[in-house]
Amino acid sequence: MIRLILNDTSFEYDIRGLLMAFYPGEEITVKEEPADRIVEADLTESGQRITVSYSDNSRDKTEQYASGVPAERQQQKNQLKRLLYEALSKDTGRQLPWGTLTGIRPTKIPMGLLEQGAREEETARYMQETYLTGPEKTALSIEIAKREMGLLKQLDYENGYSLYVGIPFCPTTCLYCSFTSNPAGAWMPRMEEYLEAVFQEIDYVKEAFRDKKLNTVYIGGGTPTTLTAGQLDRLLGRIEESFSLEHLLEFTVEAGRPDSITAEKLEAVRRHRVSRISINPQTMKQETLKIIGRHHTVEDIVDVFHMARAMGFDNINMDLILGLPGEGTEDVRRTMEELKKLKPDNITVHSLAIKRASRLNLLWEQYEHMDMVNNQEQMKITENAARELGMSPYYLYRQKNMAGNLENVGYALPGKAGIYNILIMEEKQSIVALGAGSITKAVYPGGRIERADNVKDVNQYLQRIDEMIERKRRLFDGERAL
Ligand code: SF4
């Protein structure tokens, strides 16, 4: 256990993040005490006590990065995190690949600097000096920021928006899942009711955004292919008849789990303007599929992929997770070899994040004896395989409690990158989100962001659908966000 003593809790979130990155899984308790020092961490395990003092005189006056946080506070925070990082690094003998960065959107930093006209070398120097990021992650985030900037040039942020539709049902619950997921079997009799509620939301968007340009559509979940072929057909048809698709750059359906995909469903999707689908194996190791609660085989993944290709889907993403229970470096290598044979158009590599609400966390004693390791070597294996397939990294994000304290990276062939994924990460455009548990994000001129969420509980969502629509109306009406 780590006892953290703070004389001011305003940076508690960041300090915790950094401690968790150095000491994953350690419990942290916080006590606020008036004192000269700003932070004191009692590291019971190593028998160390770390005290970081901070005074106004030590403020780094050269930091210019504007992130919406008042510059002075940003500088204080950066300075404090560097001091703490150096102390923790000394205690553990370790450096972190992302330095002091603990947020989920590290590419926003190089993107902000490059947009302001900074040169690449200046951006790299700023990241290394301010956040102590290692050379690999600095280079990766700049490469991605540049690619994102190129892809986002096609968008008219002021007049455009994106649409998300969440289908929060799955055949079974994966071991690591912390998303809004409900058993598809139990909800089957009420799926029509769910669709009708989504259609009411679509009708609101159709009216409220009639003067705006729809740029991307993403049907996610959960598992959208838990809908029947007929229901998928109606949902996609309803979207197509409700909106002008003249400015549409991308239409994704996250088909997701192979155990929910059938030829009939793929044919239904194919009849519409869908440009990109996702078939997500997570791993190509049979034993692991069983451990994580997937009721399908590796052969099912291969069969479904070939079936989709044969039907003409020419932009297929495959999601992977590194650090799954019992998997090691050789398993990752074998999974990548299998993917290389399939030749998908996108590969999204996630590092396992152990979420509080997941079965993996709740049943921790059953799994803690298994390896759950991700490291730079495994990340490199996936990167090399993606590059061998002709792909480049195009988006990146991080989560709390990630295996190896690394990142999630999306790779794509030229012209096949998922634009919606970039928009979600870089927060440049409003995203109107429909369905239980979805979060609408309004991006106002100047970059201010506000959210309106739909309740997660499906029963509540169905009962309170008018309120969900009203929440969006209030968000977008008061101040025209787009
Ligand atoms: S498919 Fe995704 S949403 Fe569904 S249970 Fe697995 S992790 Fe959760």
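Further up the page is the structure itself.
In this text, all values refer to a predicted model and were calculated from it rather than measured experimentally.

**Student:** Just to check I follow, could you spell out the overall build of the protein chain for this structure?
**Tutor:** Tallying secondary structure elements over the protein chain gives 18 helices and 17 strands in all. What you see for the protein chain is a C-alpha radius of gyration of 23 Å, in line with the 23 Å of a compact globule of 482 residues. Principal axes of the C-alpha set define a box for the protein chain whose edges measure 65 × 55 × 45 Å. Counting over 482 residues, the protein chain shows a buried share of 55%. Carbon and sulfur atoms make up 48% of the accessible area of the protein chain, which amounts to about 20,700 Å² in all. For the protein chain, the distance from the average position of its 62 positive side-chain charges to the average position of its 72 negative side-chain charges is 1 Å.

**Student:** What should I look at first to understand the environment of E207 in this one?
**Tutor:** Locating E207 in the fold gives a position in helix α7 (residues 191–208). Taking C-alpha positions, E207 is 9.5 Å from F243, a pair spaced 36 residues apart along the chain.

**Student:** Explanation requested: the side chain of E327 in the structure shown.
**Tutor:** Among the secondary structure elements, E327 is positioned in the loop between β11 (316–322) and α12 (329–342). Looking at E327, its side chain comes within polar contact range of the side chain of T283, at 2.6 Å. Not counting residues within four places of it along the chain, the set of residues in contact with E327 comprises T283, K285, T288, D371 and V373.

**Student:** Honestly, the pairing of strand β10 (residues 276–279) in this entry has me stumped. Any pointers?
**Tutor:** Consecutive residues of a regular strand have side chains that alternate between opposite faces of the sheet. The alternating pattern of β10 places R276 and S278 on one face and I277 and I279 on the opposite face, and all of these are buried. One ladder, built from three bridges, connects strand β9 (residues 250–256) with β10; its direction is parallel. Bridging from a neighbouring strand, V253 pairs with I277 of β10. Taken together, β9, helix α9 (residues 263–270) and β10 constitute a β-α-β crossover, and its handedness is right-handed. The sheet contact formed by β10 and β11 spans two bridges and is parallel.

**Student:** Sorry, what's going on with the pattern of salt bridges here?
**Tutor:** It is possible for side chains of opposite charge to pair when their charged atoms get near one another. Here the structure, examined in full by the defined rule, presents 39 salt bridges. The partner of R257 in a salt bridge is D259, and the shortest N-O contact between them spans 2.9 Å. By relative accessible area, R257 is classed as buried at 4%. Using a relative accessible area of 27% as the deciding quantity, one classes D259 as partly exposed.

**Student:** Would you mind going over helix α8 (residues 229–242) with me for this structure?
**Tutor:** An α-helix turns once every 3.6 residues. As a result, residues three or four positions apart point the same way. In a regular helix each residue adds 1.5 Å, so 14 residues correspond to 20 Å; α8 covers 20 Å between its end C-alpha atoms and thus fits that length. Listed as buried for α8 are A229, Q231, L232, L235, L236, G237, I239 and S242. As for α8, its buried residues are in contact with β5 (160–167), α7, β8 (213–221), β9 and α9.

**Student:** In this structure, what is going on with unusual backbone geometry? I would like to understand it.
**Tutor:** Glycine aside, residues mostly have negative phi angles, and peptide bonds mostly take the trans form. Look at the link from G221 to G222: it is a cis peptide, with omega at 15°. Checked against the element boundaries, G222 lands in the loop between β8 and α8. Backbone geometry at L132 places phi at a positive 60°, although glycine is not the residue there. Tracing the backbone through its elements, the reader meets L132 in the loop between α4 (120–131) and α5 (135–152). Look at L132 and you get partly exposed, because its relative accessible area is 22%. A positive phi angle is found at E427, which is not glycine, with a value near 50°. Within the element layout of this structure, E427 appears in the loop between α16 (419–426) and β15 (431–434). Its relative accessible area of 9% is what places E427 among the buried residues.

**Student:** How should the nonpolar core be read in this particular structure?
**Tutor:** Across soluble globular proteins, nonpolar side chains have a tendency to be buried as a group. Counting residues in each nonpolar core, the largest one holds 102 residues, and the members touching the most others are L163, I219, L235, I239, I277 and Y461. Contact partners of L163, with chain neighbours within four places excluded, come to V205, L214, T216, V217, Y218, I239, F243, V432 and L434. Core analysis: the second largest hydrophobic core is formed by 20 residues, Y164, Y395, A417 and M425 among them.

**Student:** Is there a simple way to explain the environment of A268 in this structure?
**Tutor:** Take A268: it is sitting in helix α9. In this structure A268 comes out as buried when scored by relative accessible area, which is 0%. For A268 and D233, which are 35 residues apart along the polypeptide, the C-alpha to C-alpha distance reads 5.3 Å. In contact with A268, not counting residues within four places along its chain, are A229, D233 and L236.

**Student:** Please clarify how the packing of α12 against helix α15 (residues 376–388) should be interpreted in this entry.
**Tutor:** When two helices pack together, their arrangement is given by the angle between the helix axes and by the axis-to-axis distance. Interaxial distance between α12 and α15 falls to 9 Å at its minimum, and their mutual angle equals 10°. When the axis of α12 is compared with that of α15, the two are roughly parallel. Relative to α15, the crossing made by α12 is right-handed. The residues of α15 that touch α12, namely those facing T329, V332, R333, M336 and K340, are E377, Q378, I381, T382, A385 and E388. Looking at the contact of α12 with α15, its residues break down into four nonpolar, three polar and four charged.

**Student:** What am I meant to see in empty space enclosed by the protein here?
**Tutor:** Empty space left among the atoms is revealed by rolling a probe the size of a water molecule over them. Scanning the model with the defined rule gives one cavity of 30 Å³ or more in all. Estimated volume of the largest cavity: approximately 50 Å³. As for the largest cavity, its lining consists of Q282, T283, L320, I321, L322, E327, V332, T335, M336 and T382. Sorting the residues of the lining of the largest cavity by element identifies β11 and α12 as the ones contributing at least two each.

Analysis parameters
Residues numbered from 1 in each chain as written. Predicted model: local features only at pLDDT ≥ 70, side-chain atom pairs only at ≥ 80, totals over all residues. Heavy atoms only, no water. Helix = DSSP H or I, 4+ residues; strand = E, 2+ residues; numbered from the N terminus. Rg over C-alpha atoms; globule rule 2.2 N^0.38 Å. Buried < 20%, exposed > 50% of the residue type's maximum accessible area, 1.4 Å probe, protein only. Areas by Shrake-Rupley, 256 points an atom, 1.4 Å probe, with all protein chains shown as cover. Lys, Arg positive; Asp, Glu negative; His and termini not counted. Charge placed at Lys NZ, Arg CZ, Asp CG, Glu CD. Polar contact = N/O pair within 3.5 Å; in protein donor to acceptor, adjacent residues only side chain to side chain. Contact = heavy atoms within 4.5 Å. Pairing = 2+ DSSP bridges. Right-handed = clockwise from strand over helix to strand, strands pointing away. Salt bridge = Lys/Arg side-chain N within 4 Å of Asp/Glu carboxyl O. Expected span 1.5 Å × (residues − 1). Core = buried A, V, L, I, M, F, W, Y, C linked by side-chain atoms within 4.5 Å. Axes fitted to C-alpha atoms, helices over the stretch in contact; angles between N-to-C directions. Parallel < 35°, antiparallel > 145°, perpendicular 65-115°, else oblique. Left-handed = near helix turned anticlockwise from the far one by under 90°. Nonpolar A, V, L, I, M, F, W, Y, C, P; charged D, E, K, R; others polar. 1 Å grid on protein atoms, 1.4 Å probe; cavity = no way out; pocket = protein on both sides within 12 Å on 5 of 7 lines; lining within 4 Å. Points joined across faces, edges and corners; volume = space filled by probe spheres on them.

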